[in-house]
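Structure assessment
The lines below spell out each chain.
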Amino acid sequence: MAKAIKESAKWLKENTPAFIVRFVGATSSSMNIRMLLRGICLQLCDILDSNTCDIPTDYKGLVNDFEHRLQQACTTGNKNIIFFLDAINDLSDDHDGRKMAWLPKTLPPNVHIVLSTLPEERYDCLKALKESFGKYEDCFLEVKEFQPLDAPIMLYHWMNKANRTLTDQQYETVVAAFENCCLPLFWKICYMEVSKWPSYLPENQVKLGDTIKKVVTLQFGRLEKNHGEPLVRRLMGYITASRFGITQIEMEDILSIDEIVMDDVVSYYKLNRRRFPVVLLMRLLHDLEPLLYHTTCGYSQTLKWRNTQFSDVADDRYLKQKDKAPSYHKVMAEYFMSKWANGTPKPHGSYEKGEDRFIVAQNLYSEDTNEKKYYNKRKLLELPHHLLRSQQNDALKSECLCNFEWLTAALYETSIEDIMEDINRALAVEPGDNDLKMMADTLHLSREVLTRDPQQLGSQLVGRLQQIIDDDKPPAPQDPHVYPFIHPLLTQVHKTSKATLIPSMACLTSPSGMLFDILSGHSEPITATTVTTDGLRAVTSSQDNTLKVWNLRTGRVTKSIEGVGKNVTSICLGLGNKVAITSERNSIRVWSLRSGDCLQAITDFDDDAIIKTAGQGDLLVALLDGSNDMRIWNLNKLKQIHKIRLQEGRVHKDRSLVLAGNPHADFVMYAFRSSNTADVINARKGKHVCDIKIKDKSASIQALAITGEYYVVACKYQYMKLQEIIQLELFDVRNGAYIRGIRGCIRDTNVRQLIINQLGSHALSICCSEGTNTSNVAVWNLETEDHKHLANHTGQSSIGACSDFRYCLTASKGDHELRIWNLGPTINKPSPKVKASEGIEEIIPMMDNQRYLVTKSSNNGPVTVWNVAKSKCKGKAVRIERGLADNQDVILVRNTQVVILTDKSLSTVTEDMQQVYTTVLVYDLKTKKYEKKLTGVFIVPLSAHEYHLLSGKRLLGLSDNRNTFIVWSLETGQVIYYIRPDFRNKIPLEHSFGQSVDMRNIRKRGTTAKMTPWERRAETESARNKRREREKQEEIQRLLAINREKSNSIDQCIMSGNEKVMVASFYAHHLCVFDIETQKHILTLENKNSMLFLYTAAITHDGTYIVLANYDDNTKISYVTLWDCKTGHVRKRIKNEKGVCALACTKNADKIVFGKDSNEMRIWQPFSVSSVRKIKGYASLKFGVNSKIFLLEKCNRAAVFAKDISVWDLKECVVLSVFSPDKAITCCNIAMDGRLIVFGLRDSHDVITLKLTSEQTIVSSELEGVDLFGEVSSSDDDDDADDEDELSD
């Protein structure tokens, strides 16, 4: 093979090829087909100058990507690429690599692949290749045996090169052996044997076997005689038993703990310590050198058998005949577990006390002086293998697959795919193991997150498994747990050596639900998908400009068509799945799935087209959204046969039409979205058939479908007051008569498409929720009228297709992969009841007792109280109050006091008769009683966040015209005082508008000047005076406009932590500072070149400083500005800081932290000479308008809520830990004086706490506050640091 590689460059002189060469088995990664393909794809990206970030990590995805890269090599250039893959028979059993399913069936003309394999049937390679490519007989070349006449020549050449000679008898013996077997390998190993024969070798020992096995066996026998049978036997066994070879130091250590070897050694040698002499090992390795070769594994040089046949002989001789394989694997497992390291004495014989063997400890990692970790890859790769082969399944789980530190190390050093392969190997031996199955499902769900950030392993395990483990309680004390090894795994999470954010309870998708498989192969996001009529193939389009056909059984791409367009919005199949029709903007294209050619392009329209097929797939129907036309083509003739004008007089937004195709007949159905009438058209005749009318006029059509029996119309109906449901209305296809309706539920959100299965028995729709960032598949049984939701998953899936329930496809916007769900096993099972739950809208820590949080649910649901300091209260609210308010009421909370503004009615005091709240209810959460009911009050309705409960039982809000703050008494319900803006004598205007304006004060126009420099030079004096007068008047008008802004209404306000200072914005060039205690407007902050907003702002605790982001219209520069609220001056500002999304500052504003939409955070110390420091964010960080930054204790750390929740070290400028939720987080806050992060989800009323767990955690000995709600008292151990103090330094 090496000679072929060298000569192949000469064969293609005209076009120098690119070579990709792999000697399988030369490295540990080359033996795994997944890792081999990934390495090849990476090299192809380098050759083709492609982005390596697009390469998937899973096996199926890599198979498809490999084929895609080969096609890319054909389309992007005519450069020849030649692959040489030697000894593919050495591929491991992982993913059935030797069955050659990964090899493309066809290759581009400029791509060539050369493979070599042993012909034995047990390797499967040659058999699989002949099954796939048997018709190409000339592609198979057998490496022929040497000719017997060549034997003397070859022998002479080899012996002469080695400066050796043979006796006549020896020569005749060798030549006779060469003539009996003419295989090149046989000749080579025979030469290696005879080159060691001395001339005085007895005649009875001058012999060679007639096969490779016999010759190698003779060599092993000679080694046993020369070095001792126990030593050779055990060493050969360890080399054979190793997964990726064995290093020299490992050999020395392992032989030292092997009592068979050591007993034999001490019988011949007197040792000072019971450790194997290295000189004996070196002598044996010197004689073994021809049979072994050095390879690399885990940054170490290991020794392996040079040829597979050598390994087979050793396996038969040592692992099967003399000693059993588990004995070797057991010793090697003990070595990698460091059982006899660190001075632990190992007993031997009758000496039970044992002796130290001075074994090197195999730790999971080592650290340098900078605390950088270096992981022990040898242990990670070898230990699971030996524990499994030695049948130590419990140790395999406790030491590896259910061990948190081992999993963490494996994620960092190898990959999640390697861990999954280890688990699958263990499941192949123990398919019923509950722990392993649960771990496989959990890691499958967390695959994307852990690939991106291995440090989130702890949060992913607890977030998915905690509830399952909490429920895993044996029915009797003596009974075992269902998951005995996952219990200690979750305990280990809290003792991790890495700082990790750990949730207090399960808050991620549970692995007990339905799981999915992945179809990966596109390099850009998928835009549309459909399935064939039999449901076994799928067709997808992507922004990578390709159309791919998938075999859903194997996950392989069977066809890839280039140049279909990057913005395809829909796909349908026609002519018996022979053609694919794509719709992209203002064009429709018909593609042959066999040849990949574009058969027809239709571009004579300007609107987006909605496309479907009818009449056995030979009719293409398109609705042109906007012009309200329906066009019909005959796909056999590729000719338009009808053009139908739809109803006139309707104006709709984009995607306002819905269309249902029909694989059974010529009828199609269309409707205007949100109407209550649909029309049925005979597509072949182009005539109207019937109208489908929904009786309820409030119905709003969302989607349509046609089965063999029904016209199916999905309508949206109002349900109760604030919710909506989807109901399927069924009509007879024969006459359009109404039959019945099938009711859905409130979880049927964003139903845009109805999918009918192959039998026509069920209707499906992909439902996604933007609020929770989750999706599911809604299913209606058209016969039994059962309705359920299946395949719950993270993300907002908007693309879907299904015909066979075994292959239901979903994808979210931006996904490069398709999820495949098997709905078959659950499609007809009773649907589980889902308890409706209102999500948390706001979390309010109690000011007087830090251990408590009060939460408000969305839609004025339950108000709950949580004790976050007591471990026994974890996951349970200590007080739940339901029914305190209606949906239109406002709930406000301060400590244990709940204030409800209710009874909204028309005001009889104001002239415009506006609505006001006329009743105030004050409820005490501690006593569970209403303290006060105030009637006859007049409080202007505002959003809940615009009210403020002040100390002294006061309520602050805004007036009806939003130009005055009003403070009401919660004792009497009367207005106590008003706080109004007063601009008199606050800051004098820059100009007096009744007098002349100093031209020097008029701002320079700079690049906005309307005159060029040469026009200014040619300007006359009179023209110059007129221009200056005009500019003066423009400036006066601008200043007057700014002055008029003083009458604007209040836009936003922000209050200091001590509730003494309030700053308000007016959608203007100024801010107003108010003193709440003196009830006065004390200062105006003004910038005539910049609008000042409070959308991104922070104020110090005492209100002395406020920092905000602003944009200067004059200089066109973005700033972060620090204002002094005592003097009204700008203290400091930094420029060129655009895209600021979140701000936080310390109590004295000496440190300001802000996040930017470029996904980085910056630390600014305005009173220090040091420059702004930057902290680079992580891959999934997305700062947005709802992002928040919380400075934690001592301001050395920051908690960031930006879709994910993360903790940052502001001293070291690094991200410490990240928590990525499955569902959308609705609110986030900090509790216990910054020692806990708390957050709530959209569909749960539970408060979840996050703790930063690590070995350096500082324990707080005191808890603020006392128990108020009668919680069961517990010992101090219950109120430990595991539930309270994890984020401080």
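As a starting point, this report considers the structure included with it. (Residues numbered from 1 in each chain as written. Predicted model: local features only at pLDDT ≥ 70, side-chain atom pairs only at ≥ 80, totals over all residues. Heavy atoms only, no water.)

Bringing the overall build of the protein chain into the picture now. The number of helices and strands found in the protein chain is 24 helices and 70 strands. For the protein chain, the C-alpha atoms occupy an extent of roughly 125 × 90 × 85 Å along the three principal directions. In the protein chain, which comprises 1289 residues, the share counted as buried stands at 54%. Expressed as a percentage of contacts within the protein chain between residues at least 6 apart in sequence, the contacts between residues at least 24 apart total 53%. Per element, the accessible surface of the protein chain, about 59,500 Å² overall, is 48% carbon and sulfur. (Helix = DSSP H or I, 4+ residues; strand = E, 2+ residues; numbered from the N terminus. Buried < 20%, exposed > 50% of the residue type's maximum accessible area, 1.4 Å probe, protein only. Contact = heavy atoms within 4.5 Å. Areas by Shrake-Rupley, 256 points an atom, 1.4 Å probe, with all protein chains shown as cover.)

Looking now at helix H7 (residues 184-194). Burial runs high along H7: eight of the eleven residues are buried. Of all the positions in H7, only Phe186, Trp187, Ile189, Cys190, Tyr191, Met192, Glu193 and Val194 are classed as buried. Looking at the packing, one finds that the buried side of H7 touches helix H5 (151-161), helix H6 (168-180), helix H8 (212-227) and helix H13 (308-322).

Interaxial distance between helix H17 (residues 404-413) and helix H21 (residues 457-471) falls to 10 Å at its minimum, and their mutual angle equals 125 degrees. By the criterion of interaxial angle, the relationship of H17 to H21 is oblique. Here H17 contributes Phe404, Leu407, Thr408 and Leu411 to the contact with H21, which in turn contributes Leu457, Gly458 and Leu461. (Axes fitted to C-alpha atoms, helices over the stretch in contact; angles between N-to-C directions. Parallel < 35°, antiparallel > 145°, perpendicular 65-115°, else oblique.)

Further remarks concern the nonpolar core. Grouped together as the largest cluster of nonpolar side chains are 108 residues, with contacts concentrated most on Phe220 and Trp305. What Trp305 contacts, discounting residues up to four positions off in sequence, is Phe220, Met236, Ile239, Thr240, Leu288, Leu291, Leu292, Tyr293, Phe310, Ser311 and Ala314. Residues Val890, Leu958, Leu970 and Ile979 belong to the second largest nonpolar core, which totals 34 residues. (Core = buried A, V, L, I, M, F, W, Y, C linked by side-chain atoms within 4.5 Å.)

Our focus in this paragraph is the sheet that holds strand S42 (residues 879-881). The pairing of strands in a sheet happens through backbone hydrogen bonds and is either parallel or antiparallel. The sheet built from four strands is open, its strands ordered S39-S40-S41-S42 with antiparallel pairing. Looking at the sheet topology across the chains shown, the edges are occupied by strand S39 (840-845) and S42. Strand after strand, the sheet turns through a mean of 20 degrees between neighbouring axes, direction not considered. In this sheet, strand S41 (residues 863-867) lies alongside strand S40 (residues 852-857) in antiparallel orientation, the contact comprising five bridges. (Pairing = 2+ DSSP bridges.)

Once that is clear, we can look at helix H14 (residues 325-336). Here H14 contains twelve residues, and its C-alpha end-to-end distance of 17 Å stays within 8% of the 16 Å for a straight helix at 1.5 Å per residue. Inspection of H14 places Tyr328, His329, Val331, Met332, Ala333, Glu334, Tyr335 and Phe336 among the buried residues, and these make up the whole buried set. In this structure, the buried side of H14 is in contact with helix H9 (229-241), helix H10 (248-256), H13 and helix H15 (377-389). Positive backbone phi, approximately 60 degrees, marks Ser338, located one or two places after H14. (Expected span 1.5 Å × (residues − 1).)

Inspection of the secondary structure assignment puts Gly574 in strand S16 (residues 568-574). Along the chain, Gly574 and Ser116 lie 458 residues apart, while their C-alpha atoms are 43 Å from each other. With residues up to four places along the chain from it excluded, the contact list for Gly574 reads Val579, Ile581, Thr613, Gly617 and Leu635.

This part covers a nonpolar patch on the surface. On the surface, Val278, Val279 and Met282 cluster together into a nonpolar patch covering about 240 Å² of accessible area. Inspection of the secondary structure puts Val279 in helix H12 (residues 278-288). (Patch = residues over 30% accessible without salt bridge, like charges linked within 9 Å, V, L, I, M, F, W, Y side chains within 5 Å. Salt bridge = Lys/Arg side-chain N within 4 Å of Asp/Glu carboxyl O.)

Running from amino to carboxyl end, H17 crosses helix H18 (residues 416-429) at an angle of 130 degrees, the nearest separation of the two axes being 7 Å. With respect to each other, H17 and H18 are oriented oblique. Here H17 contributes Trp406, Leu407, Ala410 and Leu411 to the contact with H18, which in turn contributes Ile416, Ile419 and Asp422. In terms of residue class, the contact of H17 with H18 is made up of six nonpolar, no polar and one charged. (Nonpolar A, V, L, I, M, F, W, Y, C, P; charged D, E, K, R; others polar.)

Let's shift gears to the pairing of strand S48 (residues 954-958). Most of S48 is tucked away, with four of its five residues classed as buried. Turn length for the strand S47 (residues 948-950)-S48 hairpin, with the two strands adjacent in sequence and antiparallel, is three residues, and the turn residue Gly952 shows positive phi of about 80 degrees. Here S48 pairs with strand S49 (residues 965-969) via five bridges, running antiparallel. When the sheet's bridge partners are listed, Leu955 is paired in S49 with Trp968.

Strand order in the open sheet made by the four strands is S60-S61-S62-S63, with antiparallel pairing throughout. Only two strands of the sheet have a single neighbouring strand rather than two, namely strand S60 (1140-1145) and strand S63 (1173-1176). Across the sheet, the mean angle separating the axes of adjacent strands is 20 degrees when strand polarity is ignored. For strand S61 (residues 1152-1156) and strand S62 (residues 1160-1164), the ladder comprises five bridges, and the chain directions are antiparallel. Residue pairing across strands places Phe1154 opposite Arg1162, the latter belonging to S62.

Inspection of every chain in the model, using the stated rule, returns 63 salt bridges. For the salt bridge of Asp65 with Arg69, the shortest nitrogen-to-oxygen distance reads 3.0 Å. Taken together, the residues span about one helical turn, with Asp65 and Arg69 both in helix H3 (residues 59-75) at a distance of four residues. Across the pair, Arg69 and Asp65 agree in class, each one buried. The partner of Glu1029 in a salt bridge is Lys1032, and the shortest N-O contact between them spans 3.1 Å.

Our focus in this paragraph is the side chain of Gln466. Tracing the sequence through the fold places Gln466 in helix H21. On the basis of relative accessibility, which here comes to 13%, the residue Gln466 falls in the buried class. Among residues more than four places away in sequence, those in contact with Gln466 are Leu461, Leu490, Met505 and Ala506.

Moving on: the state of the cysteines. Two cysteines form a disulfide when their sulfur atoms are joined by a covalent bond. Enumeration over the complete set of coordinates arrives at zero disulfides. The closest cysteine sulfur to the non-disulfide-bonded Cys53 is located on Cys45, 9.4 Å from its own sulfur. By relative accessible area, which is 67% here, Cys53 ends up exposed. Summary of cysteine pairing: Cys1213 is not part of a disulfide, and the nearest cysteine sulfur, belonging to Cys1195, is at 15 Å. Here Cys1213 falls in the partly exposed class, since its relative accessible area comes to 22%. (Disulfide = S-S within 2.5 Å.)

This part covers the pairing of strand S36 (residues 797-802). Of all the six residues making up S36, five are buried; the element is thus mostly covered by neighbouring parts of the structure. Looking at chain direction, S36 and strand S37 (residues 808-812) are connected through five bridges and run antiparallel. If you follow Ile799 over to S37, its bridge partner there is Ala811. Hairpin connection, S36 to S37: the antiparallel pair is bridged by five residues.

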